[in-house]
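Fold and contact review
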2 protein chains.
Amino acid sequence: MDQLEEKTLHSEKLFEGRIIELYLEDVELPNGKTSKREIIKHPGAVAIIAITDENKMVMVRQYRKAMEKILVEIPAGKLEKGEKAMVTAKRELQEETGYTCDELEPLISFYTSPGFADELVHLFITKGLRKDTEEHQLDEDEFVELLEVTLEEALELIEKKDIYDAKTAYAVQYWQMKTLLGK
Amino acid sequence: MDQLEEKTLHSEKLFEGRIIELYLEDVELPNGKTSKREIIKHPGAVAIIAITDENKMVMVRQYRKAMEKILVEIPAGKLEKGEKAMVTAKRELQEETGYTCDELEPLISFYTSPGFADELVHLFITKGLRKDTEEHQLDEDEFVELLEVTLEEALELIEKKDIYDAKTAYAVQYWQMKTLLGK
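Residues numbered from 1 in each chain as written. Chains lettered and ligands numbered in written order. Predicted model: local features only at pLDDT ≥ 70, side-chain atom pairs only at ≥ 80, totals over all residues. Heavy atoms only, no water.

- Chain A appears in an unreviewed UniProt entry as ADP-ribose pyrophosphatase from Sutcliffiella rhizosphaerae.
- For chain A, the Cofactor (unreviewed entry) comment in UniProt is given as "Mg(2+)". (UniProt positions renumbered as here; feature names shortened; annotations may be inferred.)

Structure representation (structure tokens):
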């Protein structure tokens, strides 16, 4: 056992919701003392970097109840049980934006809040992006507005805190780096 | 009211821990229907990009119980009530790494998991970084190992999924962009 590890002494599930589960755990620390850990289990999520032929990034505006704010984010969605991340990503892109693509390339995956949650976000980039002619279909409790922004507009949205979340900040920085390098 | 907003019909606090609180809310959707929202309240956090005179980024290795994994992350910590983010950042840097700095420049702030949590991370960059001669002091339930890595090593750690969280991925990408641009 690595000297940093914590041993689970007791784990209790306090809540099981539609999306998250809450556990309260007693752990033994590396120095032999005990402590409590508050842990959120989450199914994980996907997010998609989609840049159009006009060199605009596809974004969605949506209300986020946790912050009581409307945020501009890249298209994203929760993983469904047993579904591969790439399949979820293709579906969420289509549902939220009406865009489809030939291919989705995995860029990076990261935990969003390692201090208390196990949510892992898988970030993809589209290849062969095109607007679907069919109407897109949202989940019944999902309301989003489609947005297509230039890099300059995306940087302004960060400045204005309309873009205000980690995955979208990462995506815009990635786009900025590629653009500055002329790729 | 913006047409995307959700109205709170009822909010119940189901858990109040040392770090997080869990709320279950009934909301009225833009179409008049109702839905439930599972929401985590978190005090927010700081994270610090600290690059040494030898052009290495200061990182910490630590066990993360939510994932049951050891991750390599940039120094970070929870906001204390009533404390300014910059003060927390200076303290956490010193406590976790033994480094101090003349100045901390705000780089960006972002919500980590806007779908279910209000955790906001404030990212800072150090100016005038120096190793403190005094021993650093950790919280009694905190065990971390100091690491200093080159950009190449950081990119390898991402490849190996030792660096595996959003704020550190953002920080390394920022460093990579600045390096590629020769800044």
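What to know about the overall build of chain A
- Looking only at helices and strands, chain A has three helices and 10 strands in total.
- Counting from the amino terminus, chain A carries its helices and strands in the arrangement β-β-β-β-β-β-β-α-β-β-β-α-α.
- Principal-axis analysis of the C-alpha atoms places the extent of chain A at approximately 60 × 40 × 30 Å.
- Buried positions account for 53% of the 183 residues belonging to chain A. (Helix = DSSP H or I, 4+ residues; strand = E, 2+ residues; numbered from the N terminus. Buried < 20%, exposed > 50% of the residue type's maximum accessible area, 1.4 Å probe, protein only.)

Quick word on the confidence of the model for chain A
- Scored by pLDDT, chain A comes out at a mean of 94, with 96% of its residues at no less than 70.
- Across the interface, the model reports ipTM at 0.96; the global pTM reads 0.96. (pLDDT = per-residue confidence, 0-100.)

Concerning the sheet that holds strand 9 (residues 120-131) of chain B
All names here are of chain B.
- Sheet architecture is open: four strands sit in the order 7-4-9-8, paired in mixed fashion. Taken across any chain shown, the strands that pair with only one partner, and hence form the sheet edges, are strand 7 (76-78) and strand 8 (99-111). Neighbour-to-neighbour, the strand axes of the sheet open up by a mean angle of 25 degrees, direction not taken into account.
- Strand direction decides the pairing type here: strand 4 (residues 45-49) and strand 9, joined by five bridges, are parallel. What sits directly across from Val46, in strand 9, is His122.
- Where helix 1 (residues 85-97) meets the sheet, its contacts fall on strand 4, strand 7, strand 8 and strand 9, and the angle it forms with strand 8 comes to roughly 120 degrees. (Pairing = 2+ DSSP bridges. Axes fitted to C-alpha atoms, helices over the stretch in contact; angles between N-to-C directions. Contact = heavy atoms within 4.5 Å.)

Thoughts on the packing of helix 2 (residues 151-159) of chain B against helix 3 (residues 166-180) of chain B
Residue and element names in this part refer to chain B.
- It is at 10 Å that the axes of helix 2 and helix 3 come closest, and there the two elements cross at 140 degrees. When the interaxial angle is binned, helix 2 and helix 3 end up oblique. Note that helix 2 runs across helix 3; the crossing there is left-handed. Touching Leu151, Ala154, Leu155 and Ile158 of helix 2 are Val172, Trp175, Gln176 and Thr179, all from helix 3.
- Each residue belonging to the contact of helix 2 with helix 3 can be placed in one class, and the counts come to six nonpolar, two polar and no charged. (Parallel < 35°, antiparallel > 145°, perpendicular 65-115°, else oblique. Left-handed = near helix turned anticlockwise from the far one by under 90°. Nonpolar A, V, L, I, M, F, W, Y, C, P; charged D, E, K, R; others polar.)

Remarks on the pairing of strand 4 of chain B
Residues and elements named next belong to chain B.
- The element strand 4 is largely enclosed, with a buried count of five among its five residues.
- The two faces of strand 4 match: Ala45, Ala47 and Ile49 on one face and Val46 and Ile48 on the other face are all buried.
- Bridge analysis of strand 4 against strand 7 gives three bridges, and the strand direction is antiparallel. Note on strand 7: the bridge partner recorded for Ala45 is Lys78.

Here's the deal with the relation of the copies chain A and chain B
- Superposing chain A onto chain B takes a rotation of 180 degrees combined with a translation of 0.0 Å along the rotation axis, leaving an RMSD of 0.0 Å. The symmetry that links the two subunits is that of a two-fold axis.
- Of the interface residues in chain A, 100% have counterparts in chain B that sit at the interface too, so the contact is made through matching surfaces. (Least-squares fit on C-alpha atoms with pLDDT ≥ 70 in both.)

Some thoughts on the packing of aromatic side chains
All names here are of chain A.
- Taken as a whole and assessed by the stated rule, the structure comprises four aromatic pairs over all chains.
- Geometrically, the ring pair formed by Phe110 and Tyr170 is edge-to-face, given 5.4 Å between the ring centres and 65 degrees between the ring planes. Taken as a pair, Phe110 in strand 8 (residues 99-111) and Tyr170 in helix 3 (residues 166-180) lie far apart in primary sequence, 60 residues in all. (Phe/Tyr/Trp six-rings, centres within 6.5 Å; stacked < 30°, edge-to-face > 60°.)

Let's talk about the domain arrangement of chain A
All names here are of chain A.
- What the domain assignment lists for chain A is domain 1 (7-41) and domain 2 (45-180).
- For domain 1 versus domain 2, the distance between C-alpha centres works out to 31 Å.
- Tallying the contact residues gives six residues for domain 1 and five residues for domain 2.
- Carbon and sulfur atoms supply 48% of the area that domain 1 and domain 2 bury against each other, a total of about 420 Å² over both sides.
- Considering only the side of domain 1, the residues that lose the most area to domain 2 are Ile19, Ile40 and Lys41, jointly responsible for 70% of the buried surface there.
- Inspection of the region where domain 1 meets domain 2 yields zero salt bridges.
- The interface formed by domain 1 and domain 2 includes two residue pairs in polar contact (both at pLDDT 80 or more).
- Looking at side-chain class alone, the side of domain 1 that touches domain 2 contains three nonpolar, no polar and three charged residues. (Domains from an automatic or database assignment. Buried area = accessible area lost by both parts, 1.4 Å probe. Salt bridge = Lys/Arg side-chain N within 4 Å of Asp/Glu carboxyl O. Polar contact = N/O pair within 3.5 Å; in protein donor to acceptor, adjacent residues only side chain to side chain.)

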